[in-house]
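Listed below, chain by chain, are the residues.
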Amino acid sequence: MSQKAANDLQDLQHFGEYGGVNPSISDSSTYTFISAKTMFDTFEGNTEGCYLYSRHSTPSNLYLGEALAALEGTESANVTASGMGAITAVILQLCDAGDHIVTSRTIYGGTYAFMKNFLKKFNIETSFVDITDMNAVKKAIQPNTKMVYCESVSNPLLEVADIAALSKISIAHEIPLVVDNTFSPLSIRPAALGADVVIHSLTKFINGTSDCVAGVVCGTTEFCLGLKDVNNGAGMLLGSTLDSLRGASILKNMRTLHIRIKKHSENALYLAEKFEADGLRVVYPGLPSHPGHLKMMDQMHPQYGFGGLMTLDVGSLENANAFMELMQEKKLGYLAVSLGFYKTLFSAPGSSTSSEIPEDEQKEMGLGDGLIRFSIGLDDDIQRTYELMKQCMVQLNILENKPKVNK
Ligand code: PLP
């Protein structure tokens, strides 16, 4: 299925204003009309191909949206100024005050905080469940539930959601399934498995150069137009608009996504296999020991692999911090949050990207202090990287004091 995504992307061709091989960048916040009537009709949403104001849409952002809709196999896509800009707009579009959400308990910390804390303002409650337990998902659905939400491969624990099974539950309750696919572009195509809305933080693999934040909502034309509605569209009214210059640069970076994803996955699988053989506690969906391995195989396009994210538990925050500082010193990557960069990025999610989740809940979901999340880079010589990482562990006695692997 996902090969179709790459083919659809490959077939996209936009000419610039003067026949350039890159589409022209629209460098305007507002647009002129020959006739005042057309301006009125555009406000009403009745004119195709007319631009009004850049918070609504711009040619550059529409080109990028078209590429992302092709990637995800959806009718349409709206780009946003960040992944959170996409997530918050979708939630507020689908939920009214007093509604309820069922979500995976392992999700990005910002999404967790928005659902758990911010939505209290609107009396919107969220049930956080084990998304791999279909009975728990079914049981959590209430008459006022307005969406089931998950990440295809979750941040930071790399749990694999069974999207087709979740879609069946959503269909039975006539509520949409919203999937954040940030960790697995090209590998998994959630809409083909039944997701109604697919979200990405473009900040990560899709842009791939860690130089901006951006996001996207992929869905039906009706849903995407609804988000842009001038009277009650959450996208239009919350105003999380991507700048056209950024939209154009992300579109250019997206052209190498298929090559990058294969290399991220190849390198991550190599390291995960090596560290597992060393007896370390590694989590990677490409390892048969991962509880979601078979589900991932079932849902993914094998050509793009199991993704670039891997976690390693080195037992304590002290070990994790010392290891990350040493790896950075040895030029193995950066001690930094985020993912999808050409260099390896590592951070301890318990004290960074998931610190919004209270400690007791972190423990319950298996997020230990010593857990390091790696976004594996595009290193040409991954064997050398492995050897250097291992030298760091030896220097810090991490291999001797490693936590026991529970088989
Ligand atoms: N979704 C996932 C899975 C993420 O990891 C992140 C950020 O780390 C986001 C959404 C939020 O994206 P952004 O930082 O672009 O707002």
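Please refer to the structure placed before this passage.
Residues numbered from 1 in each chain as written. Predicted model: local features only at pLDDT ≥ 70, side-chain atom pairs only at ≥ 80, totals over all residues. Heavy atoms only, no water.

Moving on, we get to empty space enclosed by the protein. Evaluated as defined, the whole model comprises three cavities of 30 Å³ or more. Approximately 210 Å³ is the volume found for the largest cavity. Lining the largest cavity are 19 residues; nearest its centre among them are R55, H56, N78, V79 and K228. Listing elements by their share of the lining of the largest cavity, those giving two or more residues are α3 (59–72), β1 (76–80) and α9 (234–238). Counting residues per element, the lining of the largest cavity draws most heavily on β1, which supplies four residues. Taken as a whole, the second largest cavity encloses approximately 40 Å³ of empty space. As for the second largest cavity, its lining consists of V153, L158, F183, S184, P285, F306, G307 and L309. Class assignment of the residues belonging to the lining of the second largest cavity gives a composition of six nonpolar, two polar and no charged. (1 Å grid on protein atoms, 1.4 Å probe; cavity = no way out; pocket = protein on both sides within 12 Å on 5 of 7 lines; lining within 4 Å. Points joined across faces, edges and corners; volume = space filled by probe spheres on them. Helix = DSSP H or I, 4+ residues; strand = E, 2+ residues; numbered from the N terminus. Nonpolar A, V, L, I, M, F, W, Y, C, P; charged D, E, K, R; others polar.)

Count 3.6 residues to each turn of an α-helix, and residues three or four apart come out pointing the same way. Here α3 is 14 residues long and its end C-alpha atoms lie 20 Å apart, about the 20 Å a rise of 1.5 Å per residue gives. Burial runs high along α3: eleven of the 14 residues are buried. Looking only at α3, the buried set comprises P59, S60, N61, L64, G65, A67, L68, A69, A70, L71 and E72. With its phi angle positive at about 65°, G73 sits one or two positions after the end of α3. (Expected span 1.5 Å × (residues − 1). Buried < 20%, exposed > 50% of the residue type's maximum accessible area, 1.4 Å probe, protein only.)

A separate point is the pattern of salt bridges. Two side chains bearing opposite charge may form a pair once their charged atoms approach each other closely. All chains considered together, the criterion is met by eleven salt bridges. Between K37 and D41 there is a salt bridge, and its shortest N-O distance comes to 2.7 Å. Taken together, the residues K37 and D41, both in helix α2 (residues 36–43) and four residues apart, mark about one turn of the helix. D41 gets classed as buried once you look at its relative accessible area, which sits at 16%. Salt-bridge contacts for E361 lead to K116; the nearest nitrogen and oxygen are separated by 3.0 Å. Note that E361 is positioned in helix α14 (residues 359–364) and K116 in helix α5 (residues 109–116), a separation of 245 residues in sequence. (Salt bridge = Lys/Arg side-chain N within 4 Å of Asp/Glu carboxyl O.)

So, about the site of the ligand. Around the ligand, 14 residues are found, and the nearest of them are M84, D180, S201, T203 and K204. One nitrogen or oxygen atom from the main chain of G83 is found 2.9 Å from an oxygen atom belonging to the ligand. A distance of 2.8 Å separates an oxygen atom of the ligand from a polar atom in the backbone of M84. When the free accessible area of the ligand is taken as 390 Å², the share hidden by the protein chains comes to 92%. Ranked by residue count, the leading element in the shell around the ligand is helix α4 (residues 83–94), at three residues. Classifying every residue of the shell around the ligand by side-chain character gives five nonpolar, six polar and three charged. (Near = heavy atom within 4 Å. Polar contact = N/O pair within 3.5 Å; in protein donor to acceptor, adjacent residues only side chain to side chain. Areas by Shrake-Rupley, 256 points an atom, 1.4 Å probe, with all protein chains shown as cover.)

Keep in mind these numbers describe shape, not what the thing actually does.
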